[in-house]
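If you want the building blocks of each chain, they are given just below.
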Amino acid sequence: MLERALNDLRNPKTKTAYLQILATFTGSDGSMGFATGQRYELIVRYIRSRGTFEARTKDGRLYCPYQGAGSFAANWSASAIQKGA
């Protein structure tokens, strides 16, 4: 579900500008300031010029770039995904 939503976001034909994701961080504790097991509200965008996904907490305090949908999905467990305009 998560990788599919991210791949849809990357598709140049999509009208979706970003994803709002409620997810639990499963990566290494302290990585880019995120805590393992902590749940976050994320805004995820695909930056075409760089070919990367950028995840930010909704409050803007934490940020992490990802090279692909697989690397993002390896570090997060999503419980809700919503497409943004």
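Computed from a prediction, not measured in an experiment: that's the story for all the values here.

### Here we look at the overall build of the chain
Looking only at helices and strands, one finds two helices and five strands in the chain. Viewed in the frame of its principal axes, the chain has a C-alpha envelope of about 35 × 25 × 20 Å. Within the chain, the proportion of its 85 residues that are buried is 35%. Across the chain, contacts joining residues at least 24 apart in sequence account for 51% of those joining residues at least 6 apart. Per element, the accessible surface of the chain, about 5000 Å² overall, is 46% carbon and sulfur. The positive charge centre, built from 12 side chains, and the negative charge centre, built from 6, are 9 Å apart in the chain.

### What about the side chain of T16?
By secondary structure assignment, the location of T16 is in the loop between α1 (2–10) and β1 (18–25). Its relative accessible area of 15% is what places T16 among the buried residues. Contact partners of T16, with chain neighbours within four places excluded, come to L9, K83, G84 and A85.

### Examining α1
Those residues of α1 that sit buried are L2, A5, L6 and L9. Looking straight down α1, one finds that the buried residues subtend no more than 100° of arc, so they occupy a single side. As for α1, its buried residues are in contact with β1, β2 (39–47), β3 (52–57), α2 (69–75) and β5 (76–84).

### Some points on unusual backbone geometry
At M32, a residue that is not glycine, the phi angle is positive and equals roughly 55°. Relative to the elements of secondary structure, M32 occurs in the loop between β1 and β2.

Parameters and conventions
- Residues numbered from 1 in each chain as written.
- Predicted model: local features only at pLDDT ≥ 70, side-chain atom pairs only at ≥ 80, totals over all residues.
- Heavy atoms only, no water.
- Helix = DSSP H or I, 4+ residues; strand = E, 2+ residues; numbered from the N terminus.
- Buried < 20%, exposed > 50% of the residue type's maximum accessible area, 1.4 Å probe, protein only.
- Contact = heavy atoms within 4.5 Å.
- Areas by Shrake-Rupley, 256 points an atom, 1.4 Å probe, with all protein chains shown as cover.
- Lys, Arg positive; Asp, Glu negative; His and termini not counted.
- Charge placed at Lys NZ, Arg CZ, Asp CG, Glu CD.
- Arc of directions from axis to C-beta.

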